[in-house]
Every structure is written in C-alpha cells, then in structure tokens.
Amino acid sequence: MTERYDQQCEEARRILDSCQSATPEVSIVVPAYNEGVPYKHQEVPNIVRTIIVIAEAMSETSHEAELICVDNNSDDPTPDLIERCGARLVEELEQGVSYARITGQKEAKADKILCADADMVSIDQPNRWVHAHMRHYEDPDVVGVGSGSLRYDSISNFYSVYSCCTSVLHACQHFLKPTGMENDAPFWFCGANMSYQRDAANQVGGFIPGQNRAEDQHLGRRLQSIGRIVEDGTDEIGITTDGRRVSTLPRVLFHIWSDKVNPKILRRKQVDFHDFRS
C-alpha cells in the first residue's frame, strides 16, 4: 500500500541521511498516531509530509539535530512510512499522546527537546526554525520556548471568531492579573511547536502519564515554577499545521475544551508534580 509514496519517502531519507546527527544538540520528537493515510484532499500522508518538512529544516540549520518519530500504536502504515523515510522509529504501545511524548523524551539524545506534531504542513522559514528555538537557551534562566505563531492551513468560521477573541484576550492578559490569569498554563506553549530543557522537565515531573489533553500546557505551567518560558511570535519560528482539528463546530468545541477549559481544571486540582517524577 505504501509503495505509491516511494518518491516522497526516498526524498525524506536522502535529506535525513545527510543531516541526522549521532550527537545532536536538539532532538526533534514527533508523536504519531494513524497519520499514514492521506486525509481527504491530501496527496501524501501527514507523516511523510511532516518528515520531509522537518528534514529540510534540519538540513538548513547549523545546529546538530536528530528526528525521532514515536508511533503510538497506529493500525495504519504510519510506522512503516516512518522507517522508509529514514527517521528514527520508536514505538509506544500505551495509547495516548502523553505516553508517546514521555517515550520520545527518554529516547532523545539531546538535552533540548523540540516538539512537533505529525500533521505539520510547512515551516515559515526552514533555515531559521531550529535556531529560533535554540537561540533562547543562551539565557540560562530559559527552560522552554513556545510559539505565538501557529496557523492552520484551513479553518472554519467558528474557529475564526474564537481565534480573534483569544488573540484579544492574550494581548490583554497582563492587565488581568487580579483575575488570576497569570497562573494559567501558557496556551501558546503548544506541542505542535514548542521546545524545553529535558533536565528542567524531569525536575518538575515531565509529562504526566495518562494526561492526554493539554499535556503540553500543563508541562508549561510547571516549568514556569522553576524558570522562564519564552513566547516567540516571530515568523522565524512560525509553522502551519493541518486544519482538520478545527474544521467543524464539534471539533472547535473540543479544541476549546482541550486547550482552554481543561488546563484551568487541572490548575484548580493543584496536581502535585512530585508524584510524577521520572
């Protein structure tokens, strides 16, 4: 079934063979679940496109990097395509993105972990993307970097309205300190395009096993307790990802629950991260 993507897989492998490092400064970790079949209008599966996009960025950066794709128990050709593209395949059979992220971090060789999703469409400036993350770690107080520049390749009208409202809220956030909003998980610390110091993540317990919604923001909130997270909104760090998750009203509502409501609930529960240290 996957033979039809020979050309794309060979292109990805060719690029990765020239730039994949055995001693990386940064490990790019991509969790993947059932991304091995094209979605509707797509010509190639998400995982193949994602690997090519990231491989091109790796080939154009001066930073030594490795690419790890964590297959999260897919029942489609995802793991086969990862191997054929030349990326390092790691398998995690426990279902859930939290488990995939934990396994990816354990397998990473570098102390800096750059997270991406398996449905990435493009990187705005491939030659700057990795560096846009790495430059912030020259400040020893920085433990994480999030992107304020994340776009979807297609969005619904419902999400357009919602996005405008959250943008205004984000811009006004520092005026709303009396409401306690400064303690919320940073909603721009998103697993589609974020990075963090592995030692710092371990210090605060890392990703919580089984927390498969807003796991990225919850990690961000805990990282803020020991260091500084930078929001980089420049085009250098920007990416575009698949818009299917916000293509209908039910999906928009689910997105709001996952990224906005759920982190607030977790904050109120005051989870003790010491219980989750690895």
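A quick note: this is a predicted structure, and the numbers were derived from the prediction, not measured.

Our next topic: the overall build of the protein chain. Helix and strand content of the protein chain: nine helices and ten strands. Expressed as a percentage of its 278 residues, the buried residues of the protein chain come to 54%. Long-range pairs, those at least 24 residues apart, make up 79% of the contacts in the protein chain between residues at least 6 apart in sequence.

A residue-level look at the protein chain finds 72% of positions with pLDDT of 70 or above and a mean pLDDT of 83. Scored below 50 in pLDDT, residues 177-185 makes 15 contacts in the model with residues more than four places away or belonging to other chains. Below pLDDT 50 for its whole length, residues 263-278 participates in 31 contacts with residues either more than four positions away or in separate chains.

All right, on to a negative patch on the surface then. A surface patch of like charges, here negative, comprises Glu 3, Asp 80, Glu 83 and Glu 91. If you trace the backbone, Glu 3 turns up in the segment before helix 1 (6-19).

Looking at the element boundaries, Tyr 99 is found in helix 4 (residues 97-107). A C-alpha to C-alpha distance of 9.6 Å links Tyr 99 and Val 70, two positions 29 residues apart in sequence. Setting aside residues up to four positions removed in sequence, Tyr 99 forms contacts with Glu 92, Glu 94, Pro 209, Gly 210 and Asn 212.

Glancing now at the pairing of strand 4 (residues 112-116). Burial analysis of strand 4 places five of its five residues in the buried class, which makes it a mostly covered element. Side chains of strand 4 alternate between two faces, with Lys 112, Leu 114 and Ala 116 and Ile 113 and Cys 115 buried alike. Of the pairings in the sheet, the one linking strand 1 (residues 26-32) to strand 4 comprises four bridges and is parallel in character. Each bridged residue has a counterpart across the sheet, and for Val 29 the counterpart in strand 4 is Cys 115. Sheet topology note: the strand 4/strand 8 (residues 193-197) ladder contains five bridges and is antiparallel. Looking at the pairing, Ala 116 lines up with Asn 193 of strand 8.

Not every positive phi belongs to a glycine, and Asn 73 is a case in point at roughly 65°. Within the secondary structure, Asn 73 is located in the loop between strand 2 (65-71) and helix 3 (78-85). Residues other than glycine seldom take positive phi values, yet Ala 214 does so here, at roughly 55°.

In this section: the environment of Asp 71. Here Asp 71 shows up in strand 2. Judged by relative accessible area, which is 4%, Asp 71 ranks as buried. Between the C-alpha atom of Asp 71 and that of Glu 91, which follows or precedes it by 20 residues, the distance is 4.9 Å. Those residues in contact with Asp 71, other than ones at most four positions away along the chain, are Ala 32, Thr 78, Pro 79, Leu 89, Val 90, Glu 91 and Glu 92.

Rules and cut-offs
- Residues numbered from 1 in each chain as written.
- Predicted model: local features only at pLDDT ≥ 70, side-chain atom pairs only at ≥ 80, totals over all residues.
- Heavy atoms only, no water.
- Helix = DSSP H or I, 4+ residues; strand = E, 2+ residues; numbered from the N terminus.
- Buried < 20%, exposed > 50% of the residue type's maximum accessible area, 1.4 Å probe, protein only.
- Contact = heavy atoms within 4.5 Å.
- pLDDT = per-residue confidence, 0-100.
- Patch = residues over 30% accessible without salt bridge, like charges linked within 9 Å, V, L, I, M, F, W, Y side chains within 5 Å.
- Areas by Shrake-Rupley, 256 points an atom, 1.4 Å probe, with all protein chains shown as cover.
- Salt bridge = Lys/Arg side-chain N within 4 Å of Asp/Glu carboxyl O.
- Lys, Arg positive; Asp, Glu negative; His and termini not counted.
- Charge placed at Lys NZ, Arg CZ, Asp CG, Glu CD.
- Pairing = 2+ DSSP bridges.

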